[in-house]
Amino acid sequence: MNDSTAAIEKQQSAAALRRHLKAAKYLRQQANLEPAAARARLSLREWQAGRLARSHRQLLGSPRFGPAASFFISDLYGPKDFSCRDEEVERILPLLIKMLPASALRTLALAVELDALTEELDSAMVTELCRAGQIEHIDEAAYAAAYRAVACRAARQHQIVLIRETGQALDKLTKKPLLSSLLKMMRHPAQLAGLADLHQFLDRGFNAFRGMGSASDFLDAIENKEQQVMSRLFDGVGDPFLIQAQPGNPH
């Protein structure tokens, strides 16, 4: 990749990152306007994180794939509030554009885009669960009914695509040996500058994927299962999350 191509990729990633940061920030503010709404959002996200842990327990229990699976559930799709991380990114974006390679900026942009889309879908889910009086007692049947009521199949499909693309971007980062040294060098300065959340996100993702080798099997397993779950939810299948492991799946 020549310098001009890299510069263009940086500009594109930075523009996408700004756009998705703005969307995620607005959606989080709306979700947390009232204490009851904030509790409802957290309740849904905790339930979904638990569902993901159950669905992907083989990956979580795998010595090879466990760290990456934990990172996905905690840092990409879980109950954690990413406000601090995103505020840090927004605050020092000009510096990040100078310091980070285009691939790292793209990884951040994908992660924030996934977060913004998840916030949008979760907001719609909370509305449906509250309407049904199920937000404090979420179970599989209530979740499935709300999921179908929200619909948005194209957005759900895009969410799965973003999960895979973010994983692929992290996998590519592990092939850049200089990034490991840069992250180590940035640890203490990042803490002093109030950028601990951003640094930890990049560091955890980098290390989780570096220790796994090729991420293809891991990402295939997540994508295949989430595609099946989505189809079963929309089709109204009983026990939509009960999917038998396929021969050859990573474990």
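Preceding this section is the structure that the text describes.
For every chain, the first residue of its written sequence is number 1, and the numbers climb from 1 along that sequence. Only residues with pLDDT of at least 70 are given local features in this predicted model, and only at 80 or more are side-chain atom pairs given and counted; all residues enter the totals for whole chains, interfaces and linings. With hydrogens and water excluded, all non-hydrogen atoms of the structure serve as input to the side-chain values.

It is worth spelling out the packing of helix α9 (residues 153-173) against helix α12 (residues 216-235) at this point. Running from amino to carboxyl end, α9 crosses α12 at an angle of 170°, the nearest separation of the two axes being 10 Å. Overall, the two elements α9 and α12 adopt an arrangement that is roughly antiparallel. For the pair α9 and α12, the contacting residues are Arg153, Arg156, Gln157, Ile160, Ile163, Arg164, Gly167 and Gln168 in the first and Ser216, Leu219, Asp220, Ile222, Glu223, Glu226, Gln227, Met230, Ser231 and Phe234 in the second. A class-by-class count of the residues in the contact of α9 with α12 yields six nonpolar, six polar and six charged. Angles here are taken between N-to-C directions and fall from 0 to 180 degrees, while the axes themselves are lines fitted to C-alpha atoms, restricted in helices to the stretch in contact. A run of H or I in DSSP becomes a helix once it reaches four residues, and a run of E becomes a strand once it reaches two; helices and strands are each numbered from the N terminus. Angles below 35 degrees are treated as roughly parallel, those above 145 as roughly antiparallel, those between 65 and 115 as roughly perpendicular, and all remaining angles as oblique. Contacts were defined at the residue level, with two residues in contact if any of their heavy atoms lie within 4.5 Å. Polarity classes work like this: nonpolar for Ala, Val, Leu, Ile, Met, Phe, Trp, Tyr, Cys and Pro, charged for Asp, Glu, Lys and Arg, and polar for all others, with Gly in that last group.

One non-glycine residue, Cys152, adopts positive backbone phi at about 55°. Position of Cys152 among the secondary structure elements: in the loop between α8 (140-150) and α9.

The next thing to look at is the packing of aromatic side chains. Paired rings are identified among Phe, Tyr and Trp, the last through its six-membered ring, by centres lying within 6.5 Å, and are further divided according to the angle between planes into stacked (under 30 degrees), edge-to-face (over 60) and tilted (the rest). If you walk through the whole model with that rule in mind, you get 10 aromatic pairs. Ring geometry for Phe65 and Phe218: centres 6.0 Å apart, planes at 15°, overall stacked. In this pair, Phe65 is assigned in the loop between α3 (57-60) and α4 (66-76) and Phe218 in helix α12, connecting sequence segments 153 residues apart. Judged on exposure class, the residue Phe65 and its partner Phe218 are both buried. Partly exposed describes any residue whose relative accessible area lies between the buried limit of under 20% and the exposed limit of over 50%, with all areas from a 1.4 Å probe on protein chains only and scaled to the type maximum.

Residue position: Gln159 is located in helix α9. On the basis of relative accessibility, which here comes to 8%, the residue Gln159 falls in the buried class. Identification of polar contacts relies on pairs of N or O atoms within 3.5 Å, with a donor-acceptor requirement for protein atoms, meaning one able to donate a hydrogen and the other able to accept it, and with residues adjacent in sequence counted only if both atoms are side-chain atoms. Within the structure, the side chain of Gln159 is placed 3.1 Å from the side chain of Thr118, a separation counted as a polar contact. Ignoring sequence-local partners within four residues, the contact set of Gln159 consists of Tyr77, Leu114, Leu117, Thr118 and Leu121.

What follows is about the state of the cysteines. Two cysteine sulfurs form a disulfide in these notes if their separation is within 2.5 Å. The final tally for this structure, using the stated rule, is zero disulfides. Just so you know, Cys130 is unpaired, no disulfide at all, and the nearest cysteine sulfur is the one on Cys152, 17 Å from it.

Turning our attention to the pattern of salt bridges. One side-chain nitrogen of Lys or Arg within 4 Å of one carboxyl oxygen of Asp or Glu is enough to make a salt bridge. Under the counting rule described, the total for this entry stands at 16 salt bridges. The partner of Asp115 in a salt bridge is Arg45, and the shortest N-O contact between them spans 3.9 Å. Of the two residues, Asp115 sits in helix α7 (residues 102-131) while Arg45 sits in helix α2 (residues 35-55), which places them 70 residues apart along the sequence. On the basis of relative accessible area, Asp115 is assigned to the buried category, the value being 2%. Residue classification places Arg45 among the buried residues on the basis of a relative accessible area of 3%. Via salt bridges that share partners, Arg28, Arg41, Arg45, Arg85, Asp86, Asp115, Glu119 and Asp122 belong to a single interconnected network.

Nonpolar cores were defined as sets of buried Ala, Val, Leu, Ile, Met, Phe, Trp, Tyr and Cys residues, with membership established by side-chain atoms within 4.5 Å. By size, the foremost hydrophobic cluster in this structure holds 49 residues, and its most contacted members are Leu17, Phe72, Leu96, Leu100, Leu108, Phe209 and Phe218. Breaking this core down by element, the ones donating at least two residues are α1 (3-31), α4, α6 (93-99), α7, α9, α10 (177-192), α11 (196-210) and α12. The dominant element in this core, judged by the number of residues it contributes, is α7, at 11 residues. Once you skip the residues sitting within four places of it in the chain, Leu17 turns out to touch Val89, Leu93, Leu105, Leu108, Ala109 and Val112. The next biggest cluster of nonpolar side chains, apart from the first, holds 21 residues, and it includes Trp47, Ala142, Ala144 and Val229.

In this section: the packing of α1 against α7. One way to put it is that α1 packs onto α7 with a least axis distance of 8 Å and a crossing angle of 25°. On the basis of their axis angle, the class for α1 and α7 is roughly parallel. When the axes of α1 and α7 are compared, the crossing they make is left-handed. Between α1 and α7, the residues in contact are Ala6, Glu9, Lys10, Ser13, Ala16, Leu17, His20, Leu21, Ala23, Ala24, Leu27 and Arg28 and Ala102, Leu105, Arg106, Leu108, Ala109, Val112, Glu113, Asp115, Ala116, Glu119 and Glu120, respectively. Classifying every residue of the contact of α1 with α7 by side-chain character gives 13 nonpolar, two polar and eight charged. Note on convention: the crossing is left-handed when the near helix lies turned anticlockwise from the far helix by less than a right angle, right-handed when the turn is clockwise.

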